[in-house]
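# Remarks on the overall topology
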Amino acid sequence: MNSLIGTYDCKVDAKGRLMMPSGMKKQLVSIIEDGFVLRRSVFQPCLELYPMSEWQTVMQKVNKLNRFKKKNNDFIRRFNAGARMVDIDGSGRLLIPKDLIGFAGISKNIVISPAVNIIEIWDKDRYEQAIDDAAIDFADLAEEVMGQDDDDHGIS
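Report on the accompanying structure. (Residues numbered from 1 in each chain as written. Predicted model: local features only at pLDDT ≥ 70, side-chain atom pairs only at ≥ 80, totals over all residues. Heavy atoms only, no water.)

### A few points about the pattern of salt bridges
Put simply, the rule reads: By salt bridge we mean one thing: a side-chain nitrogen of Lys or Arg within 4 Å of a carboxyl oxygen of Asp or Glu. Each helix is a run of DSSP H or I of at least 4 residues and each strand a run of E of at least 2, with the numbering of both proceeding from the N terminus. Between buried and exposed lies partly exposed: a residue is buried under 20% and exposed over 50% of the maximum accessible area for its type, with that area taken using a 1.4 Å probe on protein chains only.
Evaluated as defined, the whole model comprises 8 salt bridges. The residue Asp9 makes a salt bridge to Lys124 at a minimum N-O spacing of 3.4 Å. Of the two residues, Asp9 is situated in strand E1 (residues 8-11) and Lys124 in helix H5 (residues 124-135); the sequence distance between them amounts to 115 residues. A relative accessible area of 56% means that Asp9 is categorised as exposed.

Written as structure tokens, this is what we have:
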């Protein structure tokens, strides 16, 4: 799957249904039938929507962990906590389970933002705060992550 593009402002109805924006649906059309996994983010107060193929790739790595090591077992449990298989219905809606809405603090207004090959689902206010908080350090972060001089790690 190619990298996803586009940040979208959306709304969630009282039942927790999100109407997937047409621009995002067009990018997902080839994989929409396979379904998705929706889970809590590890690092942010948002949700992550994995296309099933991406989820399987991540789980192949997780499944290689030795479950007889407590830290690995704890990681696996926490990583999978709240994860749900979800589908985009025929009307283009995605139902977000109530416990995941609570985790992400989702109100009516949300933001859908791609993170390379997955989709982050944020409460709009929390998303704006996270962007504002990161703006101060972004130049330094960009230089550290993308500014490598060797051809294997940086971009130009």
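### Observations regarding helix H3 (residues 70-80)
The condition that has to hold: Picture the helix axis, draw a direction to every C-beta atom, and the arc is the one those directions span. The contact definition used throughout considers only heavy atoms, calling two residues in contact when any of these lie within 4.5 Å.
Taken together, the buried positions of H3 are occupied by Asn72, Asn73, Ile76 and Phe79. The buried residues of H3 occupy an angular sector of 135 degrees when projected down its axis, which confines them to one face. Exposed residues on H3 whose side chains face more than 90 degrees from its buried face are Lys70, Lys71, Arg77 and Arg78. Structurally, H3 contributes buried residues whose contacts are with strand E3 (36-40), strand E4 (47-51) and helix H2 (52-62). After H3 finishes, the residue Gly82 shows a positive phi value of roughly 80 degrees.

### Looking at the sheet that holds E1
Using the following cut-off: Note: two strands are recorded as paired if DSSP finds a minimum of 2 bridges between them. In this description, a line fitted to the C-alpha atoms serves as the axis of each element, helices being fitted only across the stretch in contact, and the angle between N-to-C directions of two axes falls anywhere from 0 to 180 degrees.
One open sheet holds the 6 strands; their spatial order is E1-E7-E8-E4-E3-E5, and the pairing between them is antiparallel. Sheet topology places E1 and strand E5 (84-86) at the edges, where each strand pairs with a single neighbour. Between one strand and the next, the sheet's axes are offset by a mean angle of 30 degrees, whatever the strand orientation. Pairing of strand E7 (residues 109-115) with strand E8 (residues 118-123) involves 6 bridges; the strand directions are antiparallel. What sits directly across from Val111, in E8, is Trp122.

### Some words on the packing of aromatic side chains
Worth spelling out the cut-off: Put simply, two rings from Phe, Tyr or Trp (the six-membered ring, in Trp's case) pair if the centres are within 6.5 Å, and we call them stacked under 30 degrees between planes, edge-to-face over 60, tilted for the rest. In this analysis the charged atom, NZ for Lys or CZ for Arg, is taken to sit over a ring once it is within 6 Å of the ring centre and within 35 degrees of the ring normal.
Following the criterion strictly, the structure yields 4 aromatic pairs and no others. Residues Phe75 and Phe79 carry aromatic rings whose centres are separated by 5.5 Å and whose planes lie at 25 degrees to one another, so their mutual orientation is stacked. Residue Phe75 and its partner Phe79 are located together in helix H3, separated by 4 residues, close to a single helical turn. For Phe79, a relative accessible area of 7% gives the class buried. Among the aromatic residues, those joined into a cluster by ring pairs are Tyr50, Trp55, Phe75 and Phe79. Sitting above the plane of the Phe79 ring, Arg39 keeps its charged end 4.0 Å from the centroid.

### Quick notes on the nonpolar core
The line we're drawing: Note on terminology: a nonpolar core comprises buried Ala, Val, Leu, Ile, Met, Phe, Trp, Tyr and Cys residues joined through side-chain atoms within 4.5 Å.
Core analysis: the biggest nonpolar cluster contains 25 residues, and Leu18, Leu49, Ile96, Ile106 and Ile121 have the highest contact counts within it. Contributions of two or more residues to this core are made by helix H1 (22-28), E3, E4, helix H4 (98-104), E7 and E8. No other element matches H4, which puts 3 residues into this core. What Ile96 contacts, discounting residues up to four positions off in sequence, is Val12, Gly16, Leu18, Leu38, Leu47, Ile101, Ile106 and Ile121. Of all hydrophobic cores here, the second largest spans 9 residues; its members include Val37, Met52, Val62 and Ile118.

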